[in-house]
Amino acid sequence: MSALPDPVWPVVLLAFIQAGDAVMCVKPVPFIARCLEGVNWPRRHWWILPPLKFAAAAGLILGIWLPYLGAVTCAALVLYFVVAIAIHIAARDFGRNLFLNATGMLLICVATGVHSFLT
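Residues numbered from 1 in each chain as written. Predicted model: local features only at pLDDT ≥ 70, side-chain atom pairs only at ≥ 80, totals over all residues. Heavy atoms only, no water.

Draft legend 1. Quick peek at the pattern of salt bridges. According to the stated counting rule, one finds two salt bridges in the structure shown. Where D21 meets K53, a salt bridge forms, and the shortest distance between an N and an O atom there is 2.6 Å. In this pair, D21 is assigned in helix α1 (residues 9-26) and K53 in helix α3 (residues 49-62), connecting sequence segments 32 residues apart. Judged by its relative accessible area of 16%, D21 is buried. (Salt bridge = Lys/Arg side-chain N within 4 Å of Asp/Glu carboxyl O. Helix = DSSP H or I, 4+ residues; strand = E, 2+ residues; numbered from the N terminus. Buried < 20%, exposed > 50% of the residue type's maximum accessible area, 1.4 Å probe, protein only.)

Draft legend 2. Structural view of the packing of aromatic side chains. Scanning all chains against the criterion turns up one aromatic pair. Ring centres of Y80 and F81 lie 4.8 Å apart, and the angle between their planes is 85°; this geometry places the pair in the edge-to-face category. According to the relative accessible area criterion, F81 is buried, its value standing at 6%. (Phe/Tyr/Trp six-rings, centres within 6.5 Å; stacked < 30°, edge-to-face > 60°.)

Draft legend 3. Representation of the nonpolar core within the structure. With 17 residues, the main nonpolar core has L14, L60, L77, F81 and C109 as its most contacted residues. When contributions to this core are tallied by element, the ones reaching two or more residues are α1, α3, α4 (69-90) and α5 (96-118). Contacts of F81, omitting those with residues within four sequence positions, involve Q18, A102, M105, L106 and C109. Membership of the second largest hydrophobic core comes to six residues, among which are C25, I32, A33 and L36. (Core = buried A, V, L, I, M, F, W, Y, C linked by side-chain atoms within 4.5 Å. Contact = heavy atoms within 4.5 Å.)

Draft legend 4. The arrangement of the confidence of the model for the protein chain in detail. Residue-level pLDDT values for the protein chain average 95, and 100% of them are 70 or greater. Within the protein chain, the lowest mean pLDDT, 91, falls on helix α2 (residues 30-38), and the highest, 98, falls on α3. (pLDDT = per-residue confidence, 0-100.)

Draft legend 5. Layout of the side chain of K53. The exposure class of K53 is buried, given its relative accessible area of 8%. Separated by 2.6 Å, the side chains of K53 and D21 make a polar contact. (Polar contact = N/O pair within 3.5 Å; in protein donor to acceptor, adjacent residues only side chain to side chain.)

Draft legend 6. Layout of α3. The terminal C-alpha atoms of α3 lie 20 Å apart, and with 14 residues this matches the ideal 20 Å at 1.5 Å per residue to within 8%. Within the sequence span of α3, burial applies to L49, P50, K53, A56, A57, G59 and L60. (Expected span 1.5 Å × (residues − 1).)

Draft legend 7. The environment of V72, seen in detail. Relative to the assigned elements, V72 resides in helix α4. Judged by its relative accessible area of 53%, V72 is exposed. As a C-alpha pair, V72 and G113 span 41 residues in sequence and 9.3 Å in three-dimensional space.

Draft legend 8. Broad picture of the packing of α3 against α4. Running from amino to carboxyl end, α3 crosses α4 at an angle of 145°, the nearest separation of the two axes being 7 Å. Relative to α4, α3 is oriented so that their crossing is left-handed. For the pair α3 and α4, contact is made by L49, K53, A56, G59, L60 and L62 and by L69, G70, T73, C74, L77 and Y80, respectively. Split into classes, the residues belonging to the contact of α3 with α4 amount to eight nonpolar, three polar and one charged. (Axes fitted to C-alpha atoms, helices over the stretch in contact; angles between N-to-C directions. Left-handed = near helix turned anticlockwise from the far one by under 90°. Nonpolar A, V, L, I, M, F, W, Y, C, P; charged D, E, K, R; others polar.)

Shown next as structure tokens:
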């Protein structure tokens, strides 16, 4: 396992995706609101998503210079999306939210981790 990402570009791309997702969650855009409603996520907990996603973006960027921080952040994102997939399955939300959004992001996070930290 590499302490610092090599190559860096997948980590920067994933950070950019997370930051964009965080911005879209501040006042959830319609497709994100539908996703949260599809898994019956209580509205009173929606506020936690932007700080989590901004923290993930920051952890990935800082991890370019701080040993292991990027790898730990990437691993945390993998766990986040595994849990998201489990929540979609439990809610029987088998549409776009599960297969495109959650599964797609899981694949991007795994690919980033493998490509930048394990090879």
